[in-house]
Amino acid sequence: MSYLMNTYARLPVTFVRGEGVWLWDDRGVRYLDALSGIAVCGLGHCHPALARALCEQAATLVHTSNLYHIENQALLAERLAKLSGLDNAFFCNSGAEANEAAIKLARLYGHNRGIDLPTIIVMERSFHGRTMATLTATGNRKTQAGFEPLLTGFVRVPYDDLAAVQHVAAHNKNIVAVLLETYQGEGGVNFPQASYLQGLRHICDQNEWLLMLDEVQCGLGRTGKWFAFQHSDILPDVMTLAKGLGSGMPIGACLASGKAATLFNPGNHASTFGGNPLACRAALTTLEVIEREALLANAVTIGDFMRERFRQRLQAWQDVLKIRGQGMMMGIELPIACGELVREALERQLLINVTSEKVVRLLPALNMQQAEAEQVVAQTSDLIDRFLTDRLK
């Protein structure tokens, strides 16, 4: 570990094997994974269909270059377009890169309209990545600290506040787009009012802005639909994906529709590894398994079951905590900082996460079954109950 840069506060465990929602460490101890690699391993660990597809593709062709046609890439773009209703896709390696592509699309769109300083509205408590542009777009000062000067061309407003967006529209004629997470993950597992996205779509249409949705964490079935925006009956101009798209293989995508779909021309943007045959085979297999095994429906059923069981188990604390979520994306907000619960859960062979200091975040695999879900609820509820009892009573 001494040869690695000190960029992670790593927990004291090394995992060497996985199967379904279970992981084993180098001592042979088994852990129940309720985080799935932070919404990456939606099919669980080492799904047989994915393992077979990767082995077959690795033995056939791993990489050529985007200088040439790539069959798997074309098939994946078509599949994502048909599932989302958007027109086309650019493939890269991560969510940050997908969001960089979206930001570049917005700036190019603005310049094409004669706007010298194209500006994007972004949200408080958001997270879009750690490159300089996505870091600037992110609404977290702790993440940005030490990396100034940040970029220009962004205006920040509160999440789930249409009036704030309308105020900016009335006073800033450089706005070309709105960029937000459909549902916020790192910022505390936050969900907007039902009419919020529809309101944003209307404002963007009125002002000829692009509506750009970051679904890096909440997309690909996590909320019980292929994409979280589909709960609101709207269509964005741009959508970004990563995390669960490749089930652990690094791949990101920036999808676009309408006027946004024709902005890029050869030479405007590129990625050496983006959309190579191996990564796209992983993504194609992921989509096939989600559909074949009816995992969208399972995410709804098990997610609803878990939240109802949490409400029952934590009923004594209903006045001081909030349970929220959709599908297999859920958060339990405590009244005080609770980061120590992550290590306590690990000691009990359970993997959870705490984000925004006081929100227990759970992102189980889409194929988690009820017995496993009940175990997650029981262990997590016990941890929270003990923690709050020690500190509030």
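Refer to the preceding data block for the structure.
Below: a short report on this structure. Note that this is a predicted model, so its numbers are computed, not measured.

About the cut-offs
- Residues numbered from 1 in each chain as written.
- Predicted model: local features only at pLDDT ≥ 70, side-chain atom pairs only at ≥ 80, totals over all residues.
- Heavy atoms only, no water.
- Phe/Tyr/Trp six-rings, centres within 6.5 Å; stacked < 30°, edge-to-face > 60°.
- Helix = DSSP H or I, 4+ residues; strand = E, 2+ residues; numbered from the N terminus.
- Buried < 20%, exposed > 50% of the residue type's maximum accessible area, 1.4 Å probe, protein only.
- Lys NZ or Arg CZ within 6 Å of the ring centre and 35° of its normal.
- Axes fitted to C-alpha atoms, helices over the stretch in contact; angles between N-to-C directions.
- Parallel < 35°, antiparallel > 145°, perpendicular 65-115°, else oblique.
- Left-handed = near helix turned anticlockwise from the far one by under 90°.
- Contact = heavy atoms within 4.5 Å.
- Nonpolar A, V, L, I, M, F, W, Y, C, P; charged D, E, K, R; others polar.
- Salt bridge = Lys/Arg side-chain N within 4 Å of Asp/Glu carboxyl O.
- Pairing = 2+ DSSP bridges.

Focus: the packing of aromatic side chains
Phase 1: Enumeration according to the criterion identifies four aromatic pairs in this entry.
Phase 2: Ring geometry for Phe15 against Tyr31: centres 5.1 Å apart, planes inclined by 85°, an arrangement best described as edge-to-face. Of the two residues, Phe15 is situated in strand β1 (residues 15-19) and Tyr31 in strand β3 (residues 30-33); the sequence distance between them amounts to 16 residues.
Phase 3: Taking relative accessible area as the criterion, Phe15 reaches 32% and is therefore assigned partly exposed.
Phase 4: Between Tyr159 and Tyr196 the ring centres are 5.6 Å apart and the planes differ by 70°, which places this aromatic pair in the edge-to-face class. Taken together, the residues span a long stretch of sequence, with Tyr159 in the loop between β6 (154-157) and α7 (162-171) and Tyr196 in helix α8 (residues 196-207) at a distance of 37 residues. Pair check on accessibility: Tyr159 and Tyr196 agree, each one buried.
Phase 5: The positively charged end of Arg17 is found above the aromatic ring belonging to Trp24, 3.9 Å away from the centroid.

Side note on the packing of helix α11 (residues 340-347) against helix α12 (residues 370-392)
Phase 1: The N-to-C vectors of α11 and α12 enclose an angle of 130°; their axes lie 11 Å apart at closest approach. As summarised for this structure, α11 and α12 are arranged oblique, according to the angle between their axes. Seen along the crossing, α11 lies across α12 with a hand that is right-handed. Contact with α11, carried on its side by Glu340, Leu341, Glu344 and Ala345, involves Leu383, Ile384, Phe387 and Arg391 of α12 and no other residues of that element.
Phase 2: A per-class count over the contact of α11 with α12 returns five nonpolar, no polar and three charged.

Some points on the pattern of salt bridges
Phase 1: A full pass over the atoms with the stated rule returns 16 salt bridges.
Phase 2: Where Glu357 meets Lys142, a salt bridge forms, and the shortest distance between an N and an O atom there is 2.5 Å. Separated by 215 residues along the polypeptide, Glu357 in the loop between β14 (353-355) and β15 (359-362) and Lys142 in helix α6 (residues 141-144) bring together distant segments of the chain.
Phase 3: You can call Lys142 exposed: its relative accessible area is 65%.
Phase 4: Notably, a salt bridge pairs Arg386 with Asp382, separated by 2.9 Å at the nearest N-O pair. Of the two residues, Arg386 and Asp382 both sit in helix α12, four residues apart, roughly one turn of that helix.
Phase 5: Given the relative accessible area of 29%, Asp382 is considered partly exposed.
Phase 6: Residues joined in a network through salt bridges with shared partners are Arg201, Asp205 and Asp237.

Topic: the sheet that holds strand β7 (residues 175-181)
Phase 1: With respect to topology, seven strands assemble into an open sheet ordered β4-β10-β9-β8-β7-β5-β6, the strand pairing being mixed. The sheet is open, and its two edges are formed by β4 (88-92) and β6, each paired on a single side. Adjacent strand axes in the sheet meet at a mean angle of 20° when their direction is disregarded.
Phase 2: Examined bridge by bridge, strand β5 (residues 119-123) and β7 share three bridges and lie parallel to one another. Among the inter-strand pairings, Ile120 is bridged to a residue of β7, identified as Ala177.
Phase 3: Of the strands in this sheet, β5, β7 and β8 (210-214) touch α8, which is tilted by about 145° from β8.

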